[in-house]
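# A structural walkthrough
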Amino acid sequence: HHHHHHHRTELHAAFAAFTHGLRGRYTYLLRTIPAPEAGLRTLDNTIATHLLPALTGRTTFSAEVLLLLRLPARLGGLGIPHFEAMAPHEFSGSRAMTEGQVNEILHQNSEHVRRSVDALHKAAVRTRNTMKLGRRKRESVAQKNLLQHSDICKEQIEILSMKGSSSWLTALPLMKHGFWLNKRDFRDAIALRYDWQLVDTPMTCVCGADFTPDHAMICSFGGFPTIRHNELRDIVGDLMSEVCHNVAIEPRLQPLSGEIFQARTTTTSQEARADVRATGFWTQKEDAFFDVCVFHPNAPSYRNKTFLAACEHHERLKRLVYEERVINVDHGSFCPLVFSTSGAIGPLCSRFLKRLAGKIADKDDTDYAGVMAWLRCRISFALLRSAVMCVRGSRSRRHVLLMDDRRVSIAEGRVEDC
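Reading the values: the criteria
- The residue count restarts for each chain, going from 1 along the sequence in the order it is written.
- For this predicted model, a pLDDT threshold of at least 70 governs which residues receive local features, and a threshold of 80 or more governs which side-chain atom pairs are given and counted, while totals over whole chains, interfaces and linings are taken from all residues.
- The basis for every side-chain value is the complete set of heavy atoms in the structure, and neither hydrogens nor water enter the calculation.
- By definition, a salt bridge exists where a carboxyl oxygen of Asp or Glu is found within 4 Å of a side-chain nitrogen of Lys or Arg.
- Numbering of helices and strands runs from the N terminus; a helix is a DSSP stretch of H or I covering at least four residues, while a strand is a stretch of E covering at least two.
- Throughout, exposure labels follow a simple rule: accessible area from a 1.4 Å probe, protein chains only, divided by the maximum for the residue type, with under 20% read as buried, over 50% as exposed, and the rest as partly exposed.
- Axes here refer to lines fitted to C-alpha atoms; in helices the fit is confined to the stretch in contact. Angles between the N-to-C directions go from 0 to 180 degrees.
- With respect to orientation, any angle under 35 degrees is reported as roughly parallel, any angle over 145 as roughly antiparallel, any angle of 65 to 115 as roughly perpendicular, and every other angle as oblique.
- Whether two residues are in contact is decided by their heavy atoms, any of which lying within 4.5 Å being enough.
- For this classification, Asp, Glu, Lys and Arg are treated as charged, while Ala, Val, Leu, Ile, Met, Phe, Trp, Tyr, Cys and Pro are nonpolar and the rest, including Gly, are polar.
- Think of a patch as exposed residues, more than 30% relative accessible area, with no salt bridge, where like charges cluster within 9 Å and nonpolar side chains (Val, Leu, Ile, Met, Phe, Trp, Tyr) cluster within 5 Å.
- Only the protein chains shown count as cover for residues, and the accessible areas themselves come from Shrake-Rupley with a 1.4 Å probe.
- Following DSSP output, two strands are said to pair if at least two bridges run between them.
- In this scheme Phe, Tyr and Trp rings, the latter by its six-membered ring, pair at centre separations within 6.5 Å, and the angle between planes marks the pair as stacked below 30 degrees, edge-to-face above 60, and tilted otherwise.
- The rule for a charge over a ring is simple: NZ of Lys or CZ of Arg within 6 Å of the ring centre, and within 35 degrees of the ring normal.
- Crossing handedness is read from the near helix: turned anticlockwise from the far helix by less than a right angle, it gives a left-handed crossing, and turned clockwise, a right-handed one.
- Confidence of the predictor at the level of single residues is captured by pLDDT, which takes values from 0 to 100.

### Regarding the pattern of salt bridges
One pass over the structure, following the stated rule, counts 10 salt bridges. Close ionic contact of glutamate 139 with arginine 74 constitutes a salt bridge, the shortest N to O distance being 2.5 Å. Residue glutamate 139 is located in helix H6 (residues 110-148), and its partner arginine 74 is located in the loop between helix H4 (63-69) and helix H5 (83-106); the two are separated by 65 residues in the primary sequence. A salt bridge links aspartate 188 to arginine 392, with the shortest nitrogen-to-oxygen separation between them at 2.6 Å. Highlighted residues: aspartate 188 in helix H9 (residues 183-193) and arginine 392 in helix H14 (residues 368-392), separated in sequence by 204 residues. Here aspartate 188 matches arginine 392 in class, with each residue buried. Several salt bridges converge on common partners, so that one network encompasses Arg233, Asp234 and Glu250.

See the structure below:
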């Protein structure tokens, strides 16, 4: 019950305590004893009537929404399991996994035992992998069924299932690493994730339009899209300056002296600037130029486009403006970095992140997967905070993250590359 008092105020902490702590304890229980169905039903009901309303601020959930929230975060849910449905699979899987050891203990035979310990271990690992595959398959099937038989928006769940969209949900909320949301921000973040109505927002926007989360994300009043763009530009610049030299934020492109470009869209302004420039990012001694774009996939103009098509559209627009000039005049390379407000990123941006993670991992002498997860987390929280800022209008607390904390935040934040 100490958990119970906690979940009223520190929602993010309560959510993490459940998904990183309690969930594992209950799962352990399901694996070790044949679970009493009635008890599990009570547990599932308590989660639906107490924990979920406390986390989301919504009082009731339709059966469809419950099914959605029970999916793992990487499939668009919140990773709050349905224990009653899990129980039989967990118990039988655990039984199968330990069957070999149980037999050995029952029929002991010393010289035989020494030989077979290794084989037993291999068999147990095989069974564990089979169990994991089985669980993943059941989760995917649950997601498919939900999308087929409900009016939950398919495109939105697809976006939530992309890498990066759920990084903020699966990391531990550690304030010192900036992976932390206060009570209202956490509820807003969940409402934005599922496109739910937000609490206590105005009816109309300052610009005169109806105030909806989707409108707030793209309305330029208050300059929030610009702040959001600049924050990502600065994060990219910060990270680049660790692994490249000569990094500049908003560098002017070389002045033109009568050059003619094939693409009429290419910028010819003497004031033209890219967002970030760094030497030696893709290849040694070459200047790499980057331009950041953050778009809102739920905006009306992308309604009929897939997420990938929307990203490619933005990548193409940026290239039309900069690429030819950067290549021919500045003799560098150009790469557009397209982020979405949901946390998912464009294909070229993904390539950029992988390269960056590789360079940072080499420099820090740490593992690539940890750095990649940390990068996604860092970007995910920046996008999330700016989304909350767009709907609330006032800046939420921003934490400055020191770079040498990275190792610690990879380890302590349990960031997963999801």
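### A closer look at the packing of helix H3 (residues 37-56) against H5
Across the interface, H3 lies against H5 with an axial gap of 8 Å and an inter-helix angle of 140°. Taken together, the axes of H3 and H5 lie oblique to each other. Across from Glu37, Leu40, Arg41, Leu43, Asp44 and Ile47 in H3, the residues of H5 making contact are Phe83, Glu84 and Ala87. Grouping the amino acids of the contact of H3 with H5 by side-chain chemistry returns 5 nonpolar, no polar and 4 charged.

### Notes on a nonpolar patch on the surface
Together, Leu317, Leu320 and Val321 line one region of the surface with nonpolar side chains, adding up to about 210 Å² of accessible area. Secondary-structure assignment places valine 321 in helix H12 (residues 307-328).

### Observations regarding the sheet that holds strand S3 (residues 287-295)
Strands sit in the order S1-S2-S3-S4 across an open sheet of 4 strands; the sheet is mixed. With partners counted over all chains shown, the strands left at the sheet margins are strand S1 (245-249) and strand S4 (333-340), one partner each. The mean inter-strand angle of the sheet, taken between neighbouring strand axes irrespective of direction, is 20°. Bridging between S1 and strand S2 (residues 276-279) involves 3 bridges; their strand directions are antiparallel. From the neighbouring strand, alanine 248 faces S2, where its bridge partner is arginine 277. Along the sheet, helix H11 (residues 224-243) makes contact with S1, S2, S3 and S4, crossing S3 at roughly 150°.

### So, the packing of aromatic side chains
Within this structure, the stated rule accounts for 13 aromatic pairs. Centre to centre, the rings of phenylalanine 281 and tryptophan 282 are 4.9 Å apart; their planes meet at 85°, and the pair counts as edge-to-face. Plain terms: the ring middles of tryptophan 282 and phenylalanine 290 are 6.4 Å apart, the flat faces sit at 40° to each other, and that makes the pair tilted. Exposure class is identical for tryptophan 282 and phenylalanine 290. Each is buried. An aromatic cluster is present here, built from Phe281, Trp282, Phe290 and Phe352 joined pairwise through their rings. A cation sits over an aromatic face here: arginine 58 above tryptophan 196, 4.0 Å from the ring centre. In this structure, lysine 359 is placed above the aromatic ring of phenylalanine 281, and the distance from its NZ or CZ to the ring centre is 5.9 Å.

### Focus on the packing of helix H2 (residues 11-32) against H5
The geometry of H2 relative to H5 is characterised by a closest axis approach of 7 Å and an angle of 55° between their N-to-C directions. When the axis of H2 is compared with that of H5, the two are oblique. As for how H2 packs across H5, the hand of that crossing is right-handed. Between H2 and H5, the contacting residues are Phe18, Arg23, Tyr26, Thr27, Leu30, Arg31 and Thr32 on the first element and Phe83, Met86, Ala87, Glu90, Phe91 and Ser94 on the second.

### Let's talk about unusual backbone geometry
Despite not being glycine, glutamate 250 shows a phi value in the positive range, around 50°. Exposure remark for glutamate 250: the relative accessible area of 31% places this residue in the partly exposed category. Residues other than glycine seldom take positive phi values, yet aspartate 365 does so here, at roughly 55°. Looking at where aspartate 365 falls in the secondary structure, it is placed in the loop between helix H13 (347-364) and H14. Overall, aspartate 365 belongs to the exposed group, its relative accessible area being 69%.

### Details of the confidence of the model for the protein
Chain-level pLDDT for the protein is 82 on average; 89% of the residues reach the 70-or-more range. Confidence, expressed as mean pLDDT per element, reaches its minimum in the protein at helix H1 (residues 2-6) with 49 and its maximum at S4 with 94. The model gives residues 394-404 a pLDDT under 50, and that stretch makes 24 contacts with residues more than four places away or in other chains.

### Some thoughts on the pairing of S4
For S4, the tally of buried residues reaches 8 of 8 residues, placing the bulk of the element in the interior. Burial along S4 is two-sided: Ser333, Cys335, Leu337 and Phe339 facing one way and Phe334, Pro336, Val338 and Ser340 facing the other are all buried. When S3 meets S4, the two strands line up parallel, connected through 8 bridges. Each bridged residue has a counterpart across the sheet, and for alanine 288 the counterpart in S4 is serine 333.

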